[in-house]
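# A closer look at the structure
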Amino acid sequence: METLVVCKNWWRVLMRCTVMFLWLPWVGLGQEGEEAINTDAEGVNSVVDSEPIEAEAEVGQGPEYSEPERARLWSVFAGPAYRWGMDFDAEGTSWTQAMGIHAAQPYSREPATIGAAGSYDNRKYEGAYVRLDPGTNNPDSITPGLTWNWGYSRSDQYDPGREVLRFTQEGRTSLRRQSMQDGGFSASDDLEGPGVSVGLSREIPQSKGMVSIVGGVNGYWFDDIEVKGSTFAESYSKRSYEVVDTYDVSGMTITQAPFLGTFDGPFDDPPVIPSPVIPNIPSNRTQGRLTSSSDWSAKNQFSIDTETGLYQFWLGPAFSLAPTETFALGIVPSISLNYLDVDVDRSESFLAVYPDGRIEELQRWSDSESESDWLFGAGITLEGELDLGSSFFVRIWGSYEWVSDDVEVTVGPNNTITVDASGYAAGGGVGFRF
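Note that this is a predicted model, so its numbers are computed, not measured. (Residues numbered from 1 in each chain as written. Predicted model: local features only at pLDDT ≥ 70, side-chain atom pairs only at ≥ 80, totals over all residues. Heavy atoms only, no water.)

Across its full length, the protein chain carries four helices and 21 strands. Looking at the 434 residues of the protein chain, the share that counts as buried comes to 39%. Intrachain contacts of the protein chain at a sequence separation of at least 6 include 79% that bridge at least 24 residues. Looking at the protein chain as shown, the accessible area adds up to about 23,500 Å², and 55% of this sits on carbon and sulfur atoms. (Helix = DSSP H or I, 4+ residues; strand = E, 2+ residues; numbered from the N terminus. Buried < 20%, exposed > 50% of the residue type's maximum accessible area, 1.4 Å probe, protein only. Contact = heavy atoms within 4.5 Å. Areas by Shrake-Rupley, 256 points an atom, 1.4 Å probe, with all protein chains shown as cover.)

Evaluated as defined, the whole model comprises 16 salt bridges. Ionic pairing is found between arginine 346 and glutamate 348, a salt bridge with its closest N-O pair at 3.0 Å. Across the pair, exposure class does not vary: arginine 346 and glutamate 348 are buried alike. For the salt bridge of aspartate 356 with arginine 358, the shortest nitrogen-to-oxygen distance reads 3.8 Å. (Salt bridge = Lys/Arg side-chain N within 4 Å of Asp/Glu carboxyl O.)

The next subject is the packing of aromatic side chains. One pass over the full model with this rule turns up 22 aromatic pairs. With 6.0 Å between their ring centres and 20° between their planes, tryptophan 84 and tyrosine 424 make a pair best called stacked. Remark: tyrosine 424 occurs in strand S21 (residues 423-433) and tryptophan 84 occurs in strand S1 (residues 74-92); sequence separation between them is 340 residues. What links up through ring pairs into an aromatic cluster is the set Tyr125, Trp150, Tyr152, Phe167, Tyr247 and Phe259. Across the ring face of tyrosine 129, the terminal group of arginine 131 is positioned such that the distance to the ring centre comes to 4.1 Å. (Phe/Tyr/Trp six-rings, centres within 6.5 Å; stacked < 30°, edge-to-face > 60°. Lys NZ or Arg CZ within 6 Å of the ring centre and 35° of its normal.)

The strand order S3-S4-S6-S13 describes an open sheet built from four strands, whose pairing is antiparallel. Single-partner strands in this sheet number two, and they are strand S3 (123-125) and strand S13 (259-260). Across three bridges, strand S4 (residues 128-130) lies against strand S6 (residues 150-152) in antiparallel orientation. Each residue of the ladder has a partner; that of valine 130, found in S6, is tryptophan 150. (Pairing = 2+ DSSP bridges.)

Quick look at the confidence of the model for the protein chain now. Per-residue confidence for the protein chain averages 86 on the pLDDT scale, and 83% of its residues sit at or above 70. In the predicted structure, residues 1-71 sits below a pLDDT of 50 and forms 49 contacts with residues beyond four places in sequence or in another chain. (pLDDT = per-residue confidence, 0-100.)

This part is about unusual backbone geometry. In this structure, proline 258 follows alanine 257 across a cis peptide bond, with omega equal to -5°. Going from aspartate 269 to proline 270, the amide bond is cis rather than trans, its omega being 0°. The topology assignment puts proline 270 in the loop between S13 and strand S14 (278-279). The backbone of glutamate 163 sits at a positive phi, close to 55°, despite the residue not being glycine. By the secondary structure assignment, glutamate 163 is in the loop between strand S7 (158-159) and strand S8 (164-182). The partly exposed category is assigned to glutamate 163, whose relative accessible area is 31%. One non-glycine residue, serine 391, adopts positive backbone phi at about 70°. In this structure, serine 391 sits in the loop between strand S17 (359-389) and strand S18 (392-403). Its relative accessible area of 26% is what places serine 391 among the partly exposed residues.

Judged by nonpolar contacts, the single largest core of 28 residues is most densely connected at Met86, Phe88 and Leu340. Elements with a minimum of two residues in this core: S1, strand S9 (185-203), strand S11 (225-229), strand S15 (284-321), strand S16 (327-353), S18, strand S19 (406-411) and strand S20 (415-420). Examining the composition of this core, we find that five residues originate from one element, S1, more than from any other. Contacts of methionine 86, omitting those with residues within four sequence positions, involve Asp189, Asp190, Leu191, Phe222, Leu310, Leu340, Val419, Asp420, Ala421, Ser422 and Gly423. Grouped together as the second largest cluster of nonpolar side chains are 15 residues, Val243, Ile254, Phe259 and Ile278 included. (Core = buried A, V, L, I, M, F, W, Y, C linked by side-chain atoms within 4.5 Å.)

Here we come to a nonpolar patch on the surface. A cluster of nonpolar side chains, Val76, Leu200, Phe327, Leu329, Leu386, Leu388, Phe392, Val430, Phe432 and Phe434, forms an exposed patch at the surface whose accessible area comes to about 820 Å². Assignment of secondary structure puts phenylalanine 392 in strand S18. (Patch = residues over 30% accessible without salt bridge, like charges linked within 9 Å, V, L, I, M, F, W, Y side chains within 5 Å.)

The topology assignment puts leucine 132 in the loop between S4 and strand S5 (146-147). Setting aside anything within four residues of it in sequence, one finds leucine 132 in contact with Tyr120, Asp121, Asn122, Thr147, Asn149, Phe263 and Asn280.

One ladder, built from 22 bridges, connects S15 with S16; its direction is antiparallel. Considered in S16, the bridge of leucine 310 is made with leucine 340. Joining the antiparallel neighbours S15 and S16 is a turn of five residues. Summarising the sheet, S16 and S17 pair through 27 bridges and their orientation is antiparallel.

Here you go:
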């Protein structure tokens, strides 16, 4: 609201200056006309009796400017311009972080075939099995928790010295996640780009060519600024291990391998004799050798593209000094009304990068925002002008222009783009006096 009030107030100033721009030169013409009338009036008195009609005609003519004087009152100028030194700043994080997204959840899984270590189950190993029999899970049986429905195929699976059976199965897998990057970004750059400058001036007659009222329009279209980067990354480690289940068979008679027990054991048809029993639940479960491993990662990538345009309406007095008849130097303090327009496009992808080099896009976001504002400004311009004759001239100029406020654009989750339009400008071109 404060910015709008300032702009409105300075718009009134610009309007007043415009009125002065058009009115002051004619005031000068009026004053010179009065002097001419007074001078001519004396001449009328001296000849009023002899030539009254001619005297009236002389008074009616008023002052006349010579062609060179009239040619210098107005001038128009146009040419290319270039502006630089405007500040661009960007900062923020990402949708990936704001939404708490991950490529995968960590886990640790046992092989599905060997069941849980602390409960009765049918278990299948590499070259062995331990299953339930009719009495394993029956508290009224003679030996609850034991089973004769088991078997093994290799003698190295039994250690008679320690009185243990060891059965193995591949497939214990785990996925671990580790954060590699989780922060924000910030970027700064200078905006610069080409433009066009058009101006109109009105010379104040009494100043003898040293003071003019000038105004004009400048338009600049700045180079696009693209900010790319990543604010979030994580790594994953997948490991597969061998599981070793150890069964304590102390005091039990173990039949040599190979042995294949059945559900009914000695009551089967044909009966399995002997049918030694072992615990259905292993006394110990450990992690054995590593069987496979793989590492991969995930990260976000974002891109922010900013387009900026600036349009100036300026007005001020021009003070000039001519060291020679064809060359003049000038200084122009000015005030301006600036329309600053900022358009921002943002895109973000969350990617998984696998060990084989394959890249998968897991999620994608796109956002666009724009912001524009009218801002008060002021500047100082130095210029040089060379007269080419026939009312034409060339002019070069350079200036610093201050703009009262920034334009800020918020895009995406919390990305802020800020543009400060204050900066330097230079240009040149051709003008014509009329």
